[in-house]
Amino acid sequence: MNIPLTSGANSLTFASIDAAGNTSAQTAAVVINYDSNSTTEATISFEQPFEMPLPLSPTYQIGGGNYTLKVIFNKNMNQTIKPTLTLTCGGGAVISSSAGTWSNATTFSQNFSIPKNGGISYDGAVAGLTISGAQDAYGNTIDPYDYAGSAFYIDSTAPVSAFTQNTPLYVSAGSNSVSLAGTISDGTGGSGVSHLDLVWANAAGGDVASLSIPVLATAANWSYNWDTSAITTEGTYNLWTVATDKSQPTGNSETYTSKAPRTVVIDRTAPTVGTVAVNYYTTDVNDTQQPFTESITRITALINDSTGGSGINANTSEISLTKNGAPVTGEKSYNGAALVYSFASLPDGTYDLSVTPKDNSGNAGETATRSFTVAVNVTSDVTFVPE
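This is a predicted model, so every value here is computed, not measured.

Visitor: Any chance you could break down the overall build of the protein chain for me, citing the residues and the numbers?
Guide: Counting secondary structure elements, the protein chain contains zero helices and 27 strands. Computed over its C-alpha atoms, the radius of gyration of the protein chain comes to 42 Å, more than 25% above the 21 Å expected for a compact globule of 387 residues. With respect to the principal axes defined by its C-alpha atoms, the protein chain has extents near 185 × 35 × 30 Å. Scored against the burial criterion, the 387 residues of the protein chain give a buried share of 39%. In the protein chain, the proportion of contacts linking residues at least 24 apart, taken out of those at least 6 apart, comes to 67%. For the protein chain, the exposed area adds up to about 20,300 Å²; of that, 51% sits on carbon and sulfur atoms. On the protein chain, the mean spot of the 13 positive side-chain charges and the mean spot of the 30 negative ones are 2 Å from each other.

Below, the structure written as structure tokens:
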């Protein structure tokens, strides 16, 4: 017996007739629900890591990470079949996932991931969303359900920041302020820059510290006067910039360890003057017998820098030689350990020498002074009388 059914609830009763024509009483009604409709409507919202219905505001762009969408169908579904989510990103990349769980006959939690730093193939224009492969409780395979409207925007790519210059920076006892400047960009169609962090660590190892500095979301350039007074341990530090954008729920941030650092030398200890000697002597002028009766053509002043210091600045370090107040012209140089002052052979007389060491951080050490006498052409008072 073929019984035509109509869509919806069909109530059927049965009665039997015997050969003599006697009709039995009707049975109780049997209700058969019939559904051949392969279409459905669905309500879609974000369930994890935040709860928010679609569509999302264009200003609420989601970043790279793991997400869960809650799909609520308008009829009971076959919970043994997992639907497939297909996400067509604004840049053309396609994400497809069947991962998820049914919580009841109408609600499926769909998991998907957006790669971090996915680039232009994921970011930009609005993403399209399709749910397919679902089957209702009657066995109908549901037609692909396309979410109508702008579901959400993706910004999976971190902004890019840099220093305008990468030359070493020096901090001295006289100033803890360091002027920094650089560039920053979140690219076309990005969510905009949220903030910029300065990250630093001792080059020899140790804890990593950071400081957030304000920047405008649309700014292309930034500048900041960094107060380094909280860094009490002297030495060489690595300094990075880390930009973070406004993508949700957590902004995309640069990976600073993949960037070349800028060198910062914290050196608050002034250099000192050690041995000051003439020619190639190794003893100090003060400890050498005088007068010098030989030709003097150079003075060497050993300079001591602190361990891990910024290094001696030969250009700004000062060495001066005078005779009776008049300067002796010479040529200054630095051999990596000492300041060297070279000149023509000194005429007889008394000379005054001063040395002021300065390092690359700008620390100036105490001025060391010396005096010495040259007597090369002194006439002997001894008379030789032949016998």
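On we go.
Visitor: Requested: an account of the environment of serine 317, with residues and values cited.
Guide: With respect to the secondary-structure elements, serine 317 resides in the loop between strand E21 (298-304) and strand E22 (318-323). Along the chain, serine 317 and serine 333 lie 16 residues apart, while their C-alpha atoms are 9.9 Å from each other. With residues near it in sequence (within four places) discarded, serine 317 still touches Ile312, Lys332, Leu339, Thr356, Pro357 and Lys358. A distance of 3.0 Å separates the side chain of serine 317 from the backbone nitrogen of lysine 358, its partner in a polar contact.

Visitor: Residue-level account of the pairing of strand E14 (residues 177-185), with values.
Guide: Of the two faces of E14, the one holding Val178, Leu180, Gly182 and Ile184 is buried and the one holding Ser177, Ser179, Ala181, Thr183 and Ser185 is not buried anywhere. Looking at chain direction, strand E12 (residues 160-163) and E14 are connected through four bridges and run antiparallel. Bridge assignment links valine 160 to a residue of E14, and that residue is serine 185. Two elements, E14 and strand E17 (residues 221-227), share seven bridges in a ladder whose sense is antiparallel. In the strand pairing of E17, alanine 181 is matched with serine 223.

Visitor: Any chance you could break down the pairing of strand E20 (residues 272-278) for me, citing the residues and the numbers?
Guide: Counting buried positions along E20 gives five out of seven residues, so the element sits mostly inside the fold. Here E20 runs beside E21; their pairing, made up of five bridges, is antiparallel. Directly across from valine 273, in E21, lies its bridge partner isoleucine 303.

Visitor: Just give me the short version of the environment of valine 285, but keep the residues and values in it.
Guide: Assignment of secondary structure puts valine 285 in the loop between E20 and E21. Judged by relative accessible area, valine 285 falls into the buried class, the value being 1%. Spatially, the C-alpha atom of valine 285 lies 7.1 Å from that of arginine 370, the residues being 85 residues apart in sequence. Those residues in contact with valine 285, other than ones at most four positions away along the chain, are Val276, Ala277, Val278, Gln290, Ser371 and Phe372.

Visitor: Please give an account of the sheet that holds strand E6 (residues 84-88) that cites residues and values.
Guide: Strand order in the open sheet made by the four strands is E7-E6-E10-E11, with antiparallel pairing throughout. Single-partner strands in this sheet number two, and they are strand E7 (94-97) and strand E11 (145-146). Note that E6 and E7 share four bridges and pair antiparallel. Of the residues in E7, the one forming a bridge with leucine 87 is isoleucine 95.

Visitor: Describe the packing of aromatic side chains, with residues and values.
Guide: By the definition in use, this model includes 16 aromatic pairs. Taking the centre distance of 5.0 Å and the plane angle of 55 degrees together, the rings of tryptophan 102 and phenylalanine 108 count as tilted. Comparing tryptophan 102 with phenylalanine 108, the two get one shared label, buried. Three or more aromatic residues joined by ring pairs make a cluster, and in this case those are Phe46, Phe50, Tyr60, Tyr67, Phe112 and Phe152. The ring of phenylalanine 163 has arginine 262 lying over it, and the distance from NZ or CZ to the ring centre is 5.4 Å.

Visitor: Can you lay out the nonpolar core for me, pointing to particular residues and giving the numbers?
Guide: Core analysis: the biggest nonpolar cluster contains 33 residues, and Phe46, Phe112 and Phe152 have the highest contact counts within it. Those elements that provide at least two residues to this core are strand E3 (42-48), strand E5 (65-73), E6, strand E9 (107-114) and strand E10 (128-132). Apart from residues no more than four positions distant in its own chain, phenylalanine 46 is found in contact with Glu51, Met52, Leu54, Leu56, Ile62, Tyr67, Thr68, Leu69, Phe112 and Phe152. Counting 23 residues, the second largest nonpolar core, distinct from the first, contains Val328, Leu339, Leu353 and Val355.

Visitor: Can you explain the side chain of asparagine 279? Please cite residues and give values.
Guide: Note on placement: asparagine 279 falls in the loop between E20 and E21. Under the relative-accessibility criterion, asparagine 279 is labelled buried at 9%. Polar contacts involving the side chain of asparagine 279 include one to the side chain of glutamate 294, which spans 3.2 Å. Here threonine 297 takes part through its backbone nitrogen, which lies 3.0 Å from a polar atom of the side chain of asparagine 279. Not counting residues up to four positions away in its chain, the partners in contact with asparagine 279 are Glu294, Ser295, Ile296, Thr297, Arg298 and Thr300.

Visitor: Could you give me a rundown of the sheet that holds strand E25 (residues 338-342), with the residues and numbers involved?
Guide: Spatially, the four strands line up as an open sheet ordered E20-E21-E25-E24, and their pairing is antiparallel. Bordering the open sheet on either side are E20 and strand E24 (331-334), each of which pairs with just one other strand. Adjacent strand axes in the sheet meet at a mean angle of 20 degrees, parallel and antiparallel pairs treated alike. Summarising the sheet, E24 and E25 pair through four bridges and their orientation is antiparallel. Bridging across to E25, serine 333 finds its partner in valine 340.

How each quantity is defined
- Residues numbered from 1 in each chain as written.
- Predicted model: local features only at pLDDT ≥ 70, side-chain atom pairs only at ≥ 80, totals over all residues.
- Heavy atoms only, no water.
- Helix = DSSP H or I, 4+ residues; strand = E, 2+ residues; numbered from the N terminus.
- Rg over C-alpha atoms; globule rule 2.2 N^0.38 Å.
- Buried < 20%, exposed > 50% of the residue type's maximum accessible area, 1.4 Å probe, protein only.
- Contact = heavy atoms within 4.5 Å.
- Areas by Shrake-Rupley, 256 points an atom, 1.4 Å probe, with all protein chains shown as cover.
- Lys, Arg positive; Asp, Glu negative; His and termini not counted.
- Charge placed at Lys NZ, Arg CZ, Asp CG, Glu CD.
- Polar contact = N/O pair within 3.5 Å; in protein donor to acceptor, adjacent residues only side chain to side chain.
- Pairing = 2+ DSSP bridges.
- Phe/Tyr/Trp six-rings, centres within 6.5 Å; stacked < 30°, edge-to-face > 60°.
- Lys NZ or Arg CZ within 6 Å of the ring centre and 35° of its normal.
- Core = buried A, V, L, I, M, F, W, Y, C linked by side-chain atoms within 4.5 Å.
- Axes fitted to C-alpha atoms, helices over the stretch in contact; angles between N-to-C directions.

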